[in-house]
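Residue-level structural notes
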There are 2 protein chains.
Amino acid sequence: MDNDDLRRGKPTNHKVFCEDIAFLAGDALLAFAFEHVAISTVGVKPGRIVRAIGELAKSIRAEGLVAGPVVDINSEGLTDVGLDHLEFIHVHKTAALLEAVVVLGAILGGGCDEDVERLRKFAMYIGLLFQVVDDILDVTKSSKELGKTAGKDLLADKVTYPKLIGIEKSKEFAEKLRSDSLELLQGFDSEKAAPLIALANCIAYRQN
Amino acid sequence: MDNDDLRRGKPTNHKVFCEDIAFLAGDALLAFAFEHVAISTVGVKPGRIVRAIGELAKSIRAEGLVAGPVVDINSEGLTDVGLDHLEFIHVHKTAALLEAVVVLGAILGGGCDEDVERLRKFAMYIGLLFQVVDDILDVTKSSKELGKTAGKDLLADKVTYPKLIGIEKSKEFAEKLRSDSLELLQGFDSEKAAPLIALANCIAYRQN
């Protein structure tokens, strides 16, 4: 357990059960996600379920969620990581997952193609927003406030938004992502959109 | 690379690209399997595609394919591994995969429930057969004949069928699995069943 694990009282799986078992648990959970959508979805036409499963798979595979950590690992020690490179990692690590969550809801809920694509863009914005806010919190909060070690990115010499464009511009970028994401929700039924608006604000204004 | 890798001229991924990347590649391929079924299946009713995806997922998750290596890893160094234990590992490591392959074909091909369940049993038999034959070849063939190091199981002190019940009884068991599997194919259209019969014989009589 490292300090963060100890603080949270939660050691990670690969430390408790060894790496092999932790990776196998990951495979099992990955398969379980597909099983859950295939078996437990009720009241939705099978054609929409198949489309949702295709989306879920696409969000994970080599050009999706997996690409983020791969580029991240291969970027360790690089000195010329720019904004595009950083955005690629963040979009693929976090935004791809949020995209799947939001888009699956839209497909299974009966959204038309235009709705699905607008919500896809919304999810990408709030996914990137999550990472920008993460980078900002790492340099502006104490470990106690975060509930995990602050300043980790600096220590690990990791490329972050504050490092590349400064704290103020990072905050401006975060605010732009938040307002652009909310703009995409205009026109939707306000009651149905409420949880998505709350999600965007929660990601933008979180303190840890 | 170990000797087997060198002989085949094919180092494994985790040695060439590091473990993290190899595991991520596995996740990507796992997701791609689901994507392929969801997106590339043509001429099949969506309801059957959803059922096939559910089967594929079930064959992988904690009670499926993943259970084999987990029990295998946790059995290292155990001295009281019996036949049931060994069969559990083999059924979950190899048979679960063959089961998915055969059952998916049956579902997507329009088989009724009874057909699907008979073919599921057939696949389990030939999956177990594959492992029993593997164990036999390991102690009866030279490294040159196998194309990989012979006697590996003995060296690794691994529990195998020949070790638990002897070579002759292992061969009898393999023959029983072969004939029982072929019996399950009786009644099917002989042209359609031909590739499955060939598969069972190929697994039973392979020399490496």
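Chain A appears in an unreviewed UniProt entry as Geranylgeranyl pyrophosphate synthase from Gossypium raimondii. The UniProt entry for chain A carries the following comment under Sequence similarities (unreviewed entry): "Belongs to the FPP/GGPP synthase family." You can read under Cofactor (unreviewed entry) in the UniProt record for chain A the words "Mg(2+)".

1. Some thoughts on the interface of chain A and chain B
Of the residues lining the interface, 30 residues belong to chain A; the matching set on chain B comes to 30 residues. Interface area, chain A with chain B, both sides summed: about 2,600 Å², of which 82% is carbon and sulfur. There are 0 salt bridges connecting chain A and chain B. Taken together, the connections running from chain A to chain B amount to 0 residue pairs in polar contact (both at pLDDT 80 or more).

2. Concerning a negative patch on the surface
A surface patch of negative charge is lined by Glu19(A), Asp20(A), Glu76(A), Glu19(B), Asp20(B) and Glu76(B). Looking at the negative patch, the elements with two or more residues in it are helix H3 (19-40) of chain A together with helix H3 (19-40) of chain B. Within the element layout of this structure, Glu76(B) appears in the loop between helix H5 (67-75) and helix H6 (83-108).

3. So, the relation of the copies chain A and chain B
Structural alignment of chain A on chain B gives an RMSD of 0.0 Å, achieved by rotating through 180° and translating 0.0 Å along the axis. In symmetry terms, the pair is related by a two-fold rotation axis. For chain A, the minimum C-alpha distance to the rotation axis belongs to Pro46(A) and amounts to 2.6 Å. The fraction of interface residues of chain A whose copies in chain B are also interface residues reaches 100%, indicating that both copies meet through the same surface.

4. Section: the environment of Lys93(B)
Residues and elements named next belong to chain B. Mapped onto the elements, Lys93 comes out in helix H6. Judged by relative accessible area, Lys93 falls into the partly exposed class, the value being 32%. Aside from chain neighbours lying at most four places away, what touches Lys93 is Leu65, Gly68, Pro69 and Asp72.

5. Comments concerning the packing of aromatic side chains
Tallied over the entire structure, the rule returns 4 aromatic pairs over all chains. When the ring of Phe34(A) is compared with that of Phe34(B), the centres are 4.1 Å apart and the planes differ by 5°; the resulting orientation is stacked. Pair noted here: Phe34(A) is in helix H3 and Phe34(B) is in helix H3, and the two residues belong to different chains. For Phe34(A), a relative accessible area of 1% gives the class buried. Here Tyr161(A) and Phe173(A) contribute two aromatic rings whose centre-to-centre distance is 5.6 Å and whose plane-to-plane angle is 35°, an arrangement assigned as tilted. On the criterion of sequence distance, the pair formed by Tyr161(A) in helix H10 (residues 161-165) and Phe173(A) in helix H11 (residues 167-183) is long-range, its members being 12 residues apart. Under the relative-accessibility criterion, Tyr161(A) is labelled buried at 1%. For Phe173(A), a relative accessible area of 23% puts it in the partly exposed group. Over the ring of Phe130(A) we find Arg206(A); its NZ or CZ atom is 3.9 Å from the centre of that ring.

Conventions used here
Residues numbered from 1 in each chain as written. Chains lettered and ligands numbered in written order. Predicted model: local features only at pLDDT ≥ 70, side-chain atom pairs only at ≥ 80, totals over all residues. Heavy atoms only, no water. UniProt positions renumbered as here; feature names shortened; annotations may be inferred. Contact = heavy atoms within 4.5 Å. Buried area = accessible area lost by both parts, 1.4 Å probe. Salt bridge = Lys/Arg side-chain N within 4 Å of Asp/Glu carboxyl O. Polar contact = N/O pair within 3.5 Å; in protein donor to acceptor, adjacent residues only side chain to side chain. Patch = residues over 30% accessible without salt bridge, like charges linked within 9 Å, V, L, I, M, F, W, Y side chains within 5 Å. Areas by Shrake-Rupley, 256 points an atom, 1.4 Å probe, with all protein chains shown as cover. Lys, Arg positive; Asp, Glu negative; His and termini not counted. Charge placed at Lys NZ, Arg CZ, Asp CG, Glu CD. Helix = DSSP H or I, 4+ residues; strand = E, 2+ residues; numbered from the N terminus. Least-squares fit on C-alpha atoms with pLDDT ≥ 70 in both. Buried < 20%, exposed > 50% of the residue type's maximum accessible area, 1.4 Å probe, protein only. Phe/Tyr/Trp six-rings, centres within 6.5 Å; stacked < 30°, edge-to-face > 60°. Lys NZ or Arg CZ within 6 Å of the ring centre and 35° of its normal.

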